[in-house]
Amino acid sequence: MAVRLVMLGPPGAGKGTQAERFARSRGLARISTGDMLREAVQQGTELGRQAKALMDAGRLVSDDVMIGIVRERLARPDAVRGFVLDGFPRTVAQAHALDEMLDDDSPLIVIDVDVPDETLVRRLGARRICKVCGWTAPPGPLVCEKCGGELVQRRDDGAEVVRERLRVFGNESRPLVDFYQQRPTFRSVDGDQVPEAVAADISAAVASVLGDQR
Ligand code: AMP
């Protein structure tokens, strides 16, 4: 059965790190809409031009645009074999659209990574990404472990934009938990732990969903 997983959680919850780790360990496609948009901005495409101002302000790119991007991405062969979605859906409209994109062959597992606001603000303030390849660095290294590039603060991790992103998350994305939580494939994990512990909880949550499906 293909594993299809959605990672929910606020900015700074560690979704990206956990999504990458889980996808790598299971040979799944990791689909990060934030990374896709940042790449488009870096390449100066039409999409990147449209998205940049919204991202810099901590606002969301329109549902239509995001749904189109994800629909196209999920049709690629690597994603058909299974995927981890990181950063999508971010609105209830996107969640409805995702349900329509998927056939009923495999369950959509939804993991909510729960982290208190104080931790998020602290983590986002300290977060650094590689200027060259976009890798998100864990605390510690001074240069990118993947390509040796310079680590810098993400444009939208400044204090003011973080406040706006958390506000937008509360209004637009928190309702996703209500949308999904009645499903038997929904699990919440405590994201306020060291990454290894969060990863172990995610693996256990996925195993329990797949066990229930048998
Ligand atoms: P992220 O890296 O997931 O924090 O995303 C960075 C920024 O990209 C967000 O603050 C939004 O401006 C935009 N973005 C990423 N994913 C979505 C989405 N599913 N819907 C709308 N905007 C998005």
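Residues numbered from 1 in each chain as written. Predicted model: local features only at pLDDT ≥ 70, side-chain atom pairs only at ≥ 80, totals over all residues. Heavy atoms only, no water.

**Student:** Before we go on, may I ask you to explain the overall build of the protein in this structure?
**Tutor:** A count of helical and extended segments in the protein gives 10 helices and eight strands. Taken against the 2.2 N^0.38 rule, which gives 17 Å for 214 residues, the C-alpha radius of gyration of the protein at 16 Å falls within 12% of a compact globule. Dimensions of the protein, computed from the C-alpha atoms along their principal axes, are close to 45 × 35 × 35 Å. Looking at the 214 residues of the protein, the share that counts as buried comes to 45%. Across the protein, every contact between residues at least 6 apart in sequence was considered, and the portion connecting residues at least 24 apart equals 71%. Just so you have it, the protein exposes about 11100 Å², and 50% of that area is on carbon and sulfur atoms. The centroid of the 30 positive side-chain charges in the protein is displaced by 4 Å from the centroid of its 32 negative side-chain charges. (Helix = DSSP H or I, 4+ residues; strand = E, 2+ residues; numbered from the N terminus. Rg over C-alpha atoms; globule rule 2.2 N^0.38 Å. Buried < 20%, exposed > 50% of the residue type's maximum accessible area, 1.4 Å probe, protein only. Contact = heavy atoms within 4.5 Å. Areas by Shrake-Rupley, 256 points an atom, 1.4 Å probe, with all protein chains shown as cover. Lys, Arg positive; Asp, Glu negative; His and termini not counted. Charge placed at Lys NZ, Arg CZ, Asp CG, Glu CD.)

**Student:** Before we go on, may I ask you to explain unusual backbone geometry in this structure?
**Tutor:** Only a minority of non-glycine residues have a phi that is not negative, and only a minority of peptide bonds are not trans. Omega for the bond connecting F88 with P89 falls within 30 degrees of zero, at 0°, which places this linkage in the cis form. Here P89 shows up in the loop between β3 (82-86) and α6 (92-101).

**Student:** I keep staring at the site of the ligand and nothing clicks. Help me out?
**Tutor:** Around the ligand, the structure places 16 residues, and the nearest of them are T33, R38, R59, G87 and Q94. In the environment of the ligand, a nitrogen atom lies 3.0 Å from a nitrogen or oxygen atom belonging to the side chain of Q94. Within the side chain of R165, a nitrogen or oxygen atom sits 3.5 Å from an oxygen atom of the ligand. Per-class residue counts for the shell around the ligand are six nonpolar, four polar and six charged. (Near = heavy atom within 4 Å. Polar contact = N/O pair within 3.5 Å; in protein donor to acceptor, adjacent residues only side chain to side chain. Nonpolar A, V, L, I, M, F, W, Y, C, P; charged D, E, K, R; others polar.)

**Student:** Would you take a moment to explain the nonpolar core for this structure?
**Tutor:** One recurring pattern in soluble globular proteins is that nonpolar side chains are buried together. Grouped together as the largest cluster of nonpolar side chains are 27 residues, with contacts concentrated most on L74, F83, L85, L98, L108 and Y180. No other element matches helix α4 (residues 63-74), which puts five residues into this core. Leaving out residues up to four positions away in the same chain, L98 has contacts with V6, L74, L85, F88, P89, L108 and Y180. Membership of the second largest hydrophobic core comes to 24 residues, among which are V3, L5, L120 and L210. (Core = buried A, V, L, I, M, F, W, Y, C linked by side-chain atoms within 4.5 Å.)

**Student:** Would you mind showing me how to read the sheet that holds strand β6 (residues 136-137) here?
**Tutor:** Adjacent strands of a sheet form backbone hydrogen bonds with each other and so pair up, either parallel or antiparallel. Ordered in space as β6-β5-β7, the three strands form an open sheet in which the pairing is antiparallel. Each end of this open sheet is capped by a strand with a single partner; those strands are β6 and β7 (151-152). Two elements, strand β5 (residues 128-130) and β6, share two bridges in a ladder whose sense is antiparallel. Following the sheet pairing, I129 is matched in β6 by T136. (Pairing = 2+ DSSP bridges.)

**Student:** Please explain helix α7 (residues 117-126) as it appears in this structure.
**Tutor:** Note: α-helices contain 3.6 residues per turn, so residues at a spacing of three or four share the same orientation. All of the buried residues along α7 are T119, L120 and L124. An end-on view of α7 places all buried positions within 120° of arc, on one side of the element. Turned more than 90 degrees away from the buried face of α7 sit E118, R122 and A126, all of them exposed. Looking at the buried side of α7, the elements it contacts are α8 (159-173). (Arc of directions from axis to C-beta.)

**Student:** Would you take a moment to explain the sheet that holds strand β4 (residues 108-114) for this structure?
**Tutor:** The strand order across the open sheet built from five strands is β2-β3-β1-β4-β8, with neighbouring strands paired in parallel fashion. Of all the strands in the sheet, just β2 (29-32) and β8 (186-190) have a single pairing partner and so form its edges. Looking at each pair of strands side by side, their axes are set apart by 20° on average, direction ignored. Pairing geometry for β4 and β8, over five bridges, is parallel. Along β8, the bridge assignment pairs V110 with F186. (Axes fitted to C-alpha atoms, helices over the stretch in contact; angles between N-to-C directions.)

None of the figures reported here should be taken as evidence of function without further support.
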